[in-house]
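Analysis of the macromolecular model
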Amino acid sequence: MNKKRYGLTVLLLVVATCYGAESQSVVAPGAKVEKLAGGFTFTEGPAVDEGGNIYFSDIPNNRIHRWLLSGTLETFRENSGGANGLFFDKSRNLLACEGGGRRLVSINPPGDRVTVLADRYQDKRFNSLNDLWIDSKGGIYFSDPRYGRKRDDMEQDGEHVYYLSPDRKKLIRVIDDMVRPNGIIGTIDGRLLYVADHGAGKTFVYAINEDGTLSDKKLFAPEGSDGMTIDNEGNIYLTTGVVAVYNRKGEKIEEIEVPERPANVCFGGKNRQTLFITARTSLYSIKMRVKTGRRLFDKPLELGSISVSMSAPTPSLVGNEKNTQAGTEPRFEQDVINTSSGHLTISFIGHGTLMFAFKGTIIHVDPVSRAADYADMPRADLIMLTHEHGDHLDTRAIEILRKQGTELILTETCAKKVAGGVVMQNGDVRTVRELKIEAVPAYNIVHKRSGGSPFHPKGQGNGYVVTFGDKRVYIAGDTENVPEMKKLKGIDIAFLPMNLPYTMTPEMVADAAKAFAPKILYPYHYGKTDPTKLVDLLKDTKGIEVRIRKMR
């Protein structure tokens with residue numbers, strides 16, 4: 001990828017015109033429009049990934065670029081098929097409306113594989129796909145106008161809007177009475193769809209039916225739009241000569257002026273509270289009071305099928321509460337631990353697989369596909385691998401979880417199977433993502449294979465002690481109660497394996513726990529071993545709370 005670094009050198013005052021004395025500006029107080037990058041021909045289709053980075057098209061130059069929050073510009077894809085509108089799906093694939101290619105495609109996260117989702121309706125090629133929105137079920141709405149003078153190769157009978165079902169098997173036309181449909185966005189609850197008829201100079205709102213069809217068409221705004229987006233207050237952002245902001249009643253409440261005519265907008269940034277604007281030859285941004293109203297990545301922290309609010313009440317270190325939102329059925333059990341630097345959320349995935357969330361950082365430990373559908377899990381800022389066995393090292397899961405900037409901590413034997421990681425030897429100490437990580441030896445002393453070799457030889461596997469604020473968390477990996485474990489000090493939380501015959505018996509776990517005295521002890525990787533035996537073995541030991549969580 002080509003990389004260039006741009007300074008934020010152009011500061012332009014936003015001109016915000018409020019329509020109504022009681023309205024509060026959507027723009028953050030004192031915020032200014034900033035030019036992030038220039039030199040393009042026609043920018044379009046901004047989309048935000050789960051890290052807050054922005055992908056956008058330069059249509060005439062046939063490229064998709066990526067603007068990283070670090071201030072780096074990258075070329076994500078050459079020969080983009082004249083890609084216009086972009087949108088990320090739940091599997092972190094980038095969906096693109098290829099105007100030149102006249103098709104809807106899905107691009108995998110590395111950007112090296114393209115899958116065609118739709119290129120024809122009733123066996124006739126599309127006109128020039130423009131913009132899209134994905135509903136909560138995974139169905140895709142997209143507009144198919146035709147701009148320019150060349151119209152003699154149009155195979156469709158007009159310019160329409162379509163819906164591709166979540167299983168990608170059914171394609172239907174949902175709007176057939178517009179002059180030239182363009183921008184499209186839906187509400188977070190999936191009930192309403194806003195579509196701009198750029199050719200008629202109007203924007204309409206529709207009710208979304210259960211089968212994806214649309215009904216109850218109403219005029220929303222007396223002006224059309226190129227691209228559009230929505231914020232968390234339900235305001236709709238249209239791009240005309242300015243960025244025009246309409247409240248959910250269809251009343252214009254504000255205008256944001258940009259030095260160049262805007263083409264499209266989306267929310268991004270770390271907290272999804274920055275509005276990014278593609279405008280002709282440049283990419284701009286402005287800090288906002290509001291934030292995104294999108295479903296896919298707008299929640300504080302997406303943990304599988306449940307959302308954890310980092311501002312929610314948190315149990316104390318020795319508490320026994322579980323983090324379960326009212327009215328939801330969590331996919332994985334979770335505990336929330338209070339630390340001096342914020343909440344630590346632990347998700348108990350299965351077998352030896354765990355996930356931690358701390359201060360916006362996602363850490364996956366030994367992710368394996370049979371324990372979770374990682375396409376529906378938050379991608380990793382940090383992945384930690386304890387050893388190379390297939391129930392701990394799954395290259396497919398790692399590939400799905402990895403994103404731009406993901407860091408990988410692993411053993412030397414793991415590094416032979418996974419590239420791009422940092423090897424930690426037994427006894428090494430590193431700081432990664434502002435977390436202190438100590439590698440603890442993990443090996444067998446007693447349990448061995450029939451030939452006499454240990455299931456886990458000394459020097460090959462790692463356990464890890466990770467410091468989250470003022471709490472030290474020990475993830476032992478596959479090991480027995482080795483001397484190095486029993487010498488540990490100041491452990492607040494410990495995960496000890498109890499999977500016979502490969503790791504420890506309940507008696508071994510109890511012996512180790514009595515030696516280094518963690519405040520909270522979680523048996524994990526316990527297979528068919530009854531974890532309640534551990535409770536009985538430690539019932540007279542003060543200061544150690546045994547917590548048993550379901551590890552699927």
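Look a little higher up for the structure.
Residues numbered from 1 in each chain as written. Predicted model: local features only at pLDDT ≥ 70, side-chain atom pairs only at ≥ 80, totals over all residues. Heavy atoms only, no water.

Time to look at the sheet that holds strand β19 (residues 192-197). An order of β18-β19-β20-β21 is seen for the four strands of this open sheet, with the pairing classed as antiparallel. Pairing within the sheet leaves two strands with one partner each, and these edge strands are β18 (181-186) and β21 (214-221). Strand-to-strand twist of the sheet, defined as the mean angle between neighbouring strand axes without regard to direction, takes the value 25 degrees. In this structure, strand β20 (residues 202-208) lies alongside β21, joined through five bridges in antiparallel fashion. Bridge pairing in β21 links alanine 207 to serine 215. (Pairing = 2+ DSSP bridges. Helix = DSSP H or I, 4+ residues; strand = E, 2+ residues; numbered from the N terminus. Axes fitted to C-alpha atoms, helices over the stretch in contact; angles between N-to-C directions.)

Attention shifts here to the environment of glycine 421. By the secondary structure assignment, glycine 421 is in the loop between α2 (412-415) and β37 (422-423). Look at glycine 421 and you get partly exposed, because its relative accessible area is 29%. As a C-alpha pair, glycine 421 and leucine 385 span 36 residues in sequence and 9.8 Å in three-dimensional space. Each residue touching glycine 421, except ones within four places of it in the same chain, is listed here: Arg402, Leu408 and Leu410. (Buried < 20%, exposed > 50% of the residue type's maximum accessible area, 1.4 Å probe, protein only. Contact = heavy atoms within 4.5 Å.)

Looking now at the nonpolar core. In terms of nonpolar packing, the biggest core is built from 52 residues, with Phe356, Tyr474, Phe495 and Leu496 touching the most fellow members. Looking at this core, the element that brings in the most residues is helix α4 (residues 506-516), giving six residues. When near neighbours in sequence (up to four residues on either side) are disregarded, phenylalanine 356 contacts Leu344, Thr345, Ile346, Thr361, Ile362, Ile363, Val365, Phe468, Val473, Ile475 and Phe495. Leu164, Ile172, Leu214 and Phe220 belong to the second-largest nonpolar core, a separate cluster that totals 42 residues. (Core = buried A, V, L, I, M, F, W, Y, C linked by side-chain atoms within 4.5 Å.)

Right, let's talk about the sheet that holds strand β35 (residues 382-384) for a bit. Read from one edge of the open sheet, seven strands run β31-β32-β33-β34-β35-β36-β37, paired in mixed fashion. Here the strands that pair on one side only, and so sit at the sheet edges, are β31 (333-339) and β37. As judged from the seven bridges shared by β31 and strand β32 (residues 342-350), these two strands associate in the antiparallel manner. For threonine 339, the partnering residue across the bridge sits in β32 and is glycine 342.

The next thing to look at is the packing of aromatic side chains. Counted according to the given criterion, the structure contains 21 aromatic pairs. Taking 6.0 Å as the distance between ring centres and 85 degrees as the angle between the ring planes, the aromatic pair formed by phenylalanine 356 and phenylalanine 495 counts as edge-to-face. Placement of the pair is phenylalanine 356 in strand β33 (residues 353-358) and phenylalanine 495 in strand β42 (residues 493-497), with a sequence separation of 139 residues. For phenylalanine 356, a relative accessible area of 1% corresponds to the buried category. (Phe/Tyr/Trp six-rings, centres within 6.5 Å; stacked < 30°, edge-to-face > 60°.)

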